[in-house]
There are 2 protein chains.
Amino acid sequence: MVRNQSYWSSIEVDIQEYLKKAIPIRPPVSVFEPMHYLTFAAPKSRAPTLCIAACELTSGDGSQAMAAAAALHLMHAAIYTHENLPLTDRPRPKPEVPHKFGPNVELLTADGIIPFGLELLARSLNQTQDNPDKILRVIGEITRAVGSQGIVDGLHRELQMDRPDINVDRVIDYVCKKKEGELHACGAACGAILGGGDEEEIEKLRKYGLYVGMIHGMLNGNGKNKEGLMEEKIEKLRNLALKELENFDGKKVELISSFCSA
Amino acid sequence: MVRNQSYWSSIEVDIQEYLKKAIPIRPPVSVFEPMHYLTFAAPKSRAPTLCIAACELTSGDGSQAMAAAAALHLMHAAIYTHENLPLTDRPRPKPEVPHKFGPNVELLTADGIIPFGLELLARSLNQTQDNPDKILRVIGEITRAVGSQGIVDGLHRELQMDRPDINVDRVIDYVCKKKEGELHACGAACGAILGGGDEEEIEKLRKYGLYVGMIHGMLNGNGKNKEGLMEEKIEKLRNLALKELENFDGKKVELISSFCSA
């Protein structure tokens with residue numbers, strides 16, 4: 001397990017290094033300083049790491065999925081920033097989140113981070129063996145996962161959580177699926193696409209990512225106040241996740257499977 | 001001139017039709033109803049129309065640039081929505097803008113519109129004669145124009161407009177260049193890329209779009225309270241714009257050149 005921890009950590013370090021190079025603090029500083037800050041201020045999601053691990057599991061080199069992993073982190077950071085924006089109808093949703101910049105700048109900066117992530121990916125062509133079809137497919141995957149049929153749908157549903165006519169348990173499941181679930185599903189699928197996995201492998205890793213993301217959503221997000229009730233669900237999701245890895249083999253399976261045990 | 005007006009109008013109708021089909025009001029209605037509404041509530045930008053006109057000027061068929069034009073409108077609509085979001089540090093910047101939804105929903109919805117526009121483009125592959133390199137290039141162009149080196153930079157600079165140490169005239173020029181200028185430049189360049197223009201034609205149309213966008217920015221946006229001062233600048237920009245069209249010929253030149261005269 002120590003080895004697996006170091007596997008994730010080393011991937012995370014690589015992604016951070018790549019992002020630091022991609023977003024230097026340069027003129028105009030009023031734009032790039034908050035962009036740099038907000039990119040690294042967001043708590044880490046495991047979706048980018050999973051993207052690299054899935055690429056390696058399908059016999060790719062991690063570097064082939066680096067731009068996609070960075071784009072996934074940037075999407076996550078932008079959404080996290082907007083989730084914590086003080087709006088007039090939710091003045092301070094999470095008072096524990098520090099705001100280094102004013103709401104105006106945080107809004108704008110995250111609006112710049114989203115296209116920047118996709119620009120990184122669109123311009124990664126030469127580094128990744130001239131596979132424009134794969135990169136376009138990955139852009140389609142990421143835009144779908146973070147958009148109105150993915151995270152944005154989850155966030156919309158989250159707004160309804162306080163309504164008296166709502167079945168909170170069902171909403172939590174839906175939100176975990178749409179927010180953390182689809183981002184991780186997308187991460188794993190993109191890694192498999194770029195690593196050269198076949199369609200069956202891509203879909204198996206997509207499902208694996210979905211379950212892993214839902215587990216993390218339940219442990220860290222919406223489910224965290226309902227520990228007792230969640231345990232059973234999480235155990236079920238973990239079994240479903242591991243089942244998706246059954247047809248893969250080699251040392252990398254052990255590495256990627258530990259994503260759903262911590 | 002009447003004929004030219006009808007040329008623009010017919011392009012605008014085509015883009016609207018394409019968008020209506022792309023964003024039907026469907027489940028989840030809480031997501032797609034505001035998405036549909038906010039897409040069409042934004043005042044029209046001419047950047048998408050210019051994209052189709054540039055495609056036709058470079059001998060392409062307008063339909064080849066339709067997804068790019070739609071993506072440009074979606075970026076513009078998302079940014080317009082966020083610009084008018086009531087934030088705690090700018091409670092109601094433009095009271096004349098009606099808000100059909102709460103700030104939370106408007107924030108989220110525009111966050112869904114940005115990736116949706118790029119998803120449309122990424123998935124437009126089969127309709128446009130299998131040119132993944134061109135589509136990737138266009139995605140790179142659009143993400144750059146709307147991101148931290150384009151519109152977002154302009155919006156950042158706009159926030160500084162009230163500072164006492166600022167040369168307002170110079171800021172207006174910069175903001176018009178970054179906001180309207182770069183979106184129109186990008187629109188014209190993307191149209192030329194998709195229409196099959198060569199690099200020289202792409203760059204000439206990019207510059208043409210830049211000047212046209214700046215003129216519109218000055219007439220409709222930041223410059224509009226300083227009419228006297230602006231007239232001279234606008235005349236200069238119009239001459240620069242028309243100069244970029246000198247090497248093109250045929251009936252389409254007359255059509256596209258009228259973009260900078262109204």
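What this report covers is the structure whose coordinates are included nearby. Every value quoted in this text rests on a predicted model; they were computed, and no experiment measured them. (Residues numbered from 1 in each chain as written. Chains lettered and ligands numbered in written order. Predicted model: local features only at pLDDT ≥ 70, side-chain atom pairs only at ≥ 80, totals over all residues. Heavy atoms only, no water.)

1. Considering the relation of the copies chain A and chain B
Here comes step 1: Laying chain A over chain B is done by rotating through 180 degrees and shifting 0.0 Å along the axis; what remains is an RMSD of 0.0 Å. Look at the turn and shift together and you get a two-fold axis relating the two. Residue Leu87 of chain A, judged by its C-alpha, is the member of chain A lying nearest the rotation axis, at 2.4 Å.
Here comes step 2: By residue overlap, the copies meet face to face through one surface: 100% of the interface positions of chain A are interface positions in chain B. (Least-squares fit on C-alpha atoms with pLDDT ≥ 70 in both. Contact = heavy atoms within 4.5 Å.)

2. Structural notes on helix 7 (residues 151–159) of chain B
Here comes step 1: Looking at helix 7 of chain B, one finds that the buried residues are Ile151, Val152, Asp153, Gly154, Leu155 and His156 of chain B.
Here comes step 2: Contacts from the buried residues of helix 7 of chain B go to helix 2 (29–41) and helix 5 (103–122) of chain A together with helix 4 (66–83), helix 6 (132–146) and helix 8 (168–195) of chain B. (Buried < 20%, exposed > 50% of the residue type's maximum accessible area, 1.4 Å probe, protein only. Helix = DSSP H or I, 4+ residues; strand = E, 2+ residues; numbered from the N terminus.)

3. Observations concerning the environment of Ile23 of chain A
Residue and element names in this part refer to chain A.
Here comes step 1: Positionally, Ile23 belongs in the loop between helix 1 (2–22) and helix 2.
Here comes step 2: Residues Ile23 and Ile113 lie 90 residues apart in sequence; the distance between their C-alpha atoms is 10.0 Å.
Here comes step 3: Discounting chain neighbours no more than four positions away, the residues touching Ile23 are Phe32, Met35, His36, Thr39, Leu74 and Phe116.

4. A word on the interface of chain A and chain B
Here comes step 1: Across the boundary between the two partners, chain A contributes 49 residues, which contact 49 residues of chain B.
Here comes step 2: Taken together, the two surfaces of chain A and chain B that pack against each other cover about 4400 Å², and 66% of this comes from carbon and sulfur.
Here comes step 3: Among the residues of chain A in contact with chain B, Leu108, Leu136 and His156 of chain A are the three that bury the most area, contributing 14% of the side total.
Here comes step 4: The tally of links between chain A and chain B comes to 2 salt bridges.
Here comes step 5: Run the count over chain A and chain B and you get 8 residue pairs in polar contact (both at pLDDT 80 or more).
Here comes step 6: When contributions to the side of chain A that touches chain B are tallied by element, the ones reaching two or more residues are helix 2, helix 5, helix 6 (132–146) and helix 7 (151–159) of chain A.
Here comes step 7: Element by element, the count of residues in the side of chain A that touches chain B is highest for helix 5 of chain A, at 13 residues. (Buried area = accessible area lost by both parts, 1.4 Å probe. Salt bridge = Lys/Arg side-chain N within 4 Å of Asp/Glu carboxyl O. Polar contact = N/O pair within 3.5 Å; in protein donor to acceptor, adjacent residues only side chain to side chain.)

5. As for the nonpolar core
Here comes step 1: Membership of the largest hydrophobic core comes to 172 residues, with the highest contact counts inside it found for Ile142 and Ile256 of chain A together with Ile142 and Ile256 of chain B.
Here comes step 2: Counting residues in hydrophobic clusters, the runner-up holds 6 residues, among them Leu87 and Leu107 of chain A together with Leu85 and Leu107 of chain B. (Core = buried A, V, L, I, M, F, W, Y, C linked by side-chain atoms within 4.5 Å.)

6. Looking at the side chain of His73 of chain B
Residues and elements named next belong to chain B.
Here comes step 1: Mapped onto the elements, His73 comes out in helix 4.
Here comes step 2: Taking relative accessible area as the criterion, His73 reaches 3% and is therefore assigned buried.
Here comes step 3: Setting aside residues no more than four positions away along its own chain, His73 makes contact with Leu19, Thr39 and Pro48.

7. Some points on the packing of aromatic side chains
Here comes step 1: Inspection of every chain in the model, using the stated rule, returns 4 aromatic pairs over all chains.
Here comes step 2: Considering the side-chain rings of Trp8 of chain A and Phe259 of chain A, the 5.1 Å spacing of their centres and the 55 degrees angle between planes classify their relative orientation as tilted. Taken together, the positions of Trp8 of chain A in helix 1 and Phe259 of chain A in the segment after helix 11 (251–257) put the pair 251 residues apart, joining distant regions of the chain.
Here comes step 3: Overall, Trp8 of chain A belongs to the buried group, its relative accessible area being 4%.
Here comes step 4: With a centroid separation of 5.7 Å and an interplanar angle of 75 degrees, the aromatic rings of Tyr37 of chain B and Phe101 of chain B are classed as edge-to-face. Taken together, the residues span a long stretch of sequence, with Tyr37 of chain B in helix 2 (residues 29–41) and Phe101 of chain B in the loop between helix 4 and helix 5 (103–122) at a distance of 64 residues.
Here comes step 5: Of the residues examined, Tyr37 of chain B reaches a relative accessible area of 28% and is grouped as partly exposed.
Here comes step 6: Sitting over the face of the ring of Phe32 of chain A, Arg26 of chain A holds its NZ or CZ atom 4.2 Å from the ring centroid.
Here comes step 7: The lysine or arginine in question, Arg157 of chain A, covers the ring of Tyr174 of chain A, its NZ or CZ lying 3.9 Å from the ring centre. (Phe/Tyr/Trp six-rings, centres within 6.5 Å; stacked < 30°, edge-to-face > 60°. Lys NZ or Arg CZ within 6 Å of the ring centre and 35° of its normal.)

8. Here we look at the pattern of salt bridges
Here comes step 1: Per the stated rule, a full pass over the model turns up 28 salt bridges over all chains.
Here comes step 2: A salt bridge links Glu33 of chain A to Lys100 of chain A; its shortest N-O distance comes to 3.7 Å. Residue Glu33 of chain A is located in helix 2, and its partner Lys100 of chain A is located in the loop between helix 4 (66–83) and helix 5; the two are separated by 67 residues in the primary sequence.
Here comes step 3: Take Glu33 of chain A: its relative accessible area is 30%, and that puts it in the partly exposed class.
Here comes step 4: Of the charged contacts, one joins Lys179 of chain B and Glu83 of chain B as a salt bridge, the two residues approaching to 3.2 Å between their closest N and O atoms. With Lys179 of chain B in helix 8 and Glu83 of chain B in helix 4, the pair connects residues that are 96 residues apart, well separated along the chain.
Here comes step 5: Connected through salt bridges with shared partners, the residues Glu83, Glu158 and Lys179 of chain A form a single ionic network.

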